[in-house]
Amino acid sequence: MLIRWRGGILGLFNIRNNVTLSGDGKYLIGSYPTLGGGGSAYVFDVEEIIKTVENPGGKNLATLAIDKANPKIASNIFATGGNPLGLIVAQKPPSFKAQIEKLLKAGAIANYDRLIALIIKSNDQNDLKSVVGDVTMRKLIVNSFSSKPGMATVVMAALLKGNQTWSNPPANDFTRHFLADEKSDTLPYNATMNCWEMILYAGFLSGQITADQLRKFMTKSRYNQPFNLTFSGMPMMGYKESLPFYVTLPNSKQPATIKPLQPGELLFYRKSDKGEPDHVAIAIGGGKAVSLWEKPNKNNLIQIIDVLALDGSIQVGQPITDVMKGELWK
């Protein structure tokens, strides 16, 4: 069967009967009836079809079935066992939100790595926002990680990837919203904030930090005075010079601590062995972190990076939910 696309021949398919697109336009469904009245329905990945058509790699799609040219196209197969002489309605693959919900309910801590892998893989902002923008889903994340609240903060921060914009206080949206305007609702996805504020905001979205606590943080960090970035809010983020080093600078006299990073631990980057950190990110585990900064990819949106992608020494602090139990937050 020849399929037309954008006015031309898209390619040859081994489909014996009729085809249709799924409601979301992501899948091409074709039926394979048998003479005995049974058969199957195959589901083809439209995105992989387009990739193959635009770059066939020297293969002749006029004579070679496109699903043979790229096996990924036909990776989703639904056996029907019925009579597909009329097009069979194949079950749609579960949505991103449904997959996240299923993993959370099946055991969030046990499925943490699978949850993070799913978030890292997704580049669809609508998918990510369908979870982080849903109050019920946010509550499910918090409740599912009740014994490991640092993980809830990480998951929330990771779901924000591709959003917010890095900008230091006090002239950013985070400061204006929570401190100057004394608001207590969520920020738009294009709101400006800086690195440590992103971590605080993830805690706020996960219901672990209140708007009043955010205001306390900014007041104690002297946001309402002429702001000095060398002071920053790092002490209230749990930073102190005695924190263990995960990575040290060349020729440093500081010993490095060799241990796997735990989800939720704060990573303080600095360019010298002493002095205030230049940046803070939150560890995901598996050598990755969630970060809001213009480095290393010249991307000033929230991004998931390799922990070692940023220069400087790295000191490891506690998850923000543990830090908030300290005296500075009282």
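Residues numbered from 1 in each chain as written. Predicted model: local features only at pLDDT ≥ 70, side-chain atom pairs only at ≥ 80, totals over all residues. Heavy atoms only, no water.

Requested: an account of the overall build of the protein, with residues and values cited.
Looking only at helices and strands, one finds 11 helices and 14 strands in the protein. Residues counted as buried form 45% of the 330 residues belonging to the protein. Contacts in the protein between residues at least 24 apart in sequence constitute 59% of all its contacts with a sequence separation of at least 6. When the accessible surface of the protein is summed, it comes to about 16,400 Å², and 52% of that surface belongs to carbon and sulfur atoms. (Helix = DSSP H or I, 4+ residues; strand = E, 2+ residues; numbered from the N terminus. Buried < 20%, exposed > 50% of the residue type's maximum accessible area, 1.4 Å probe, protein only. Contact = heavy atoms within 4.5 Å. Areas by Shrake-Rupley, 256 points an atom, 1.4 Å probe, with all protein chains shown as cover.)

Can you break down the sheet that holds strand 10 (residues 266-270) residue by residue, with the values?
The strand order across the open sheet built from six strands is 9-14-10-11-12-13, with neighbouring strands paired in antiparallel fashion. Single-partner strands in this sheet number two, and they are strand 9 (245-247) and strand 13 (302-306). On average, adjacent strands in this sheet sit at an angle of 35 degrees to one another, irrespective of strand direction. Most of the contacts of helix 7 (residues 149-159) go to strand 11 (residues 279-285), to which it runs at about 105 degrees, and overall it touches strand 11, strand 12 (288-292) and strand 13. Contacting strand 10, strand 11, strand 12 and strand 13, helix 9 (residues 195-205) crosses the sheet at an angle of about 45 degrees to strand 11. (Pairing = 2+ DSSP bridges. Axes fitted to C-alpha atoms, helices over the stretch in contact; angles between N-to-C directions.)

Describe the pairing of strand 10, listing the residues and the values that go with them.
Most of strand 10 sits out of view: five of its five residues are buried. Of the two faces of strand 10, the one lined by Leu 266, Phe 268 and Arg 270 and the one lined by Leu 267 and Tyr 269 are each fully buried. The pairing of strand 10 with strand 11 spans four bridges and is classified as antiparallel. The residue of strand 11 that forms the bridge with Tyr 269 is His 279. Bridge count for strand 10 against strand 14 (residues 313-317) is five bridges, and the pairing is antiparallel. Bridge assignment links Leu 267 to a residue of strand 14, and that residue is Val 316.

Outline the pairing of strand 14, supporting the account with residue identities and numerical values.
Consecutive residues of a regular strand have side chains that alternate between opposite faces of the sheet. Counting buried residues along strand 14, five of its five residues qualify, which places the element largely inside the surrounding structure. Burial along strand 14 is two-sided: the residues Ser 313, Gln 315 and Gly 317 and Ile 314 and Val 316 are all buried. Where strand 9 meets strand 14, two bridges bridge the pair, whose relative direction is antiparallel. The partner of Phe 245 across the bridge, within strand 14, is Gln 315.

Could you give an account of unusual backbone geometry, naming the residues involved and the relevant values?
Residue Pro 170 is bonded to the preceding Pro 169 through a cis peptide linkage, with omega at 5 degrees. Mapped onto the secondary structure, Pro 170 falls in the loop between strand 7 (165-166) and helix 8 (173-180). A cis amide bond links Lys 295 to the next residue, Pro 296, at an omega of 5 degrees. Residue position: Pro 296 is located in the loop between strand 12 and strand 13. Positioned with a positive phi, Arg 222 is a non-glycine residue whose angle comes to about 65 degrees. In this structure, Arg 222 sits in the loop between helix 10 (211-220) and strand 9.

Mind laying out the packing of aromatic side chains, listing which residues take part and the relevant values?
Counting across every chain of the model gives seven aromatic pairs. Three or more aromatic residues link up through ring pairs in this structure, and these residues are Phe 174, Phe 178, Tyr 201 and Phe 204. For the cation-ring pair, Lys 129 lies above Tyr 189, with the distance from its terminal atom to the ring centre recorded as 4.5 Å. (Phe/Tyr/Trp six-rings, centres within 6.5 Å; stacked < 30°, edge-to-face > 60°. Lys NZ or Arg CZ within 6 Å of the ring centre and 35° of its normal.)

Please set out the nonpolar core residue by residue, giving values where relevant.
With 64 residues, the main nonpolar core has Phe 145 and Leu 200 as its most contacted residues. Core analysis: the next-biggest nonpolar cluster, separate from the first, contains 12 residues, Leu 267, Ala 289, Trp 293 and Val 316 among them. (Core = buried A, V, L, I, M, F, W, Y, C linked by side-chain atoms within 4.5 Å.)

Pulling in residues and values, what's your account of helix 9?
For helix 9, the buried fraction is high: 11 of the 11 residues fall into the buried class. Listed in full, the buried residues belonging to helix 9 are Cys 195, Trp 196, Glu 197, Met 198, Ile 199, Leu 200, Tyr 201, Ala 202, Gly 203, Phe 204 and Leu 205. Where helix 9 terminates, the next one or two residues include Gly 207, which has phi positive at roughly 70 degrees.

Scope: geometric values only; no functional claims are made or implied.
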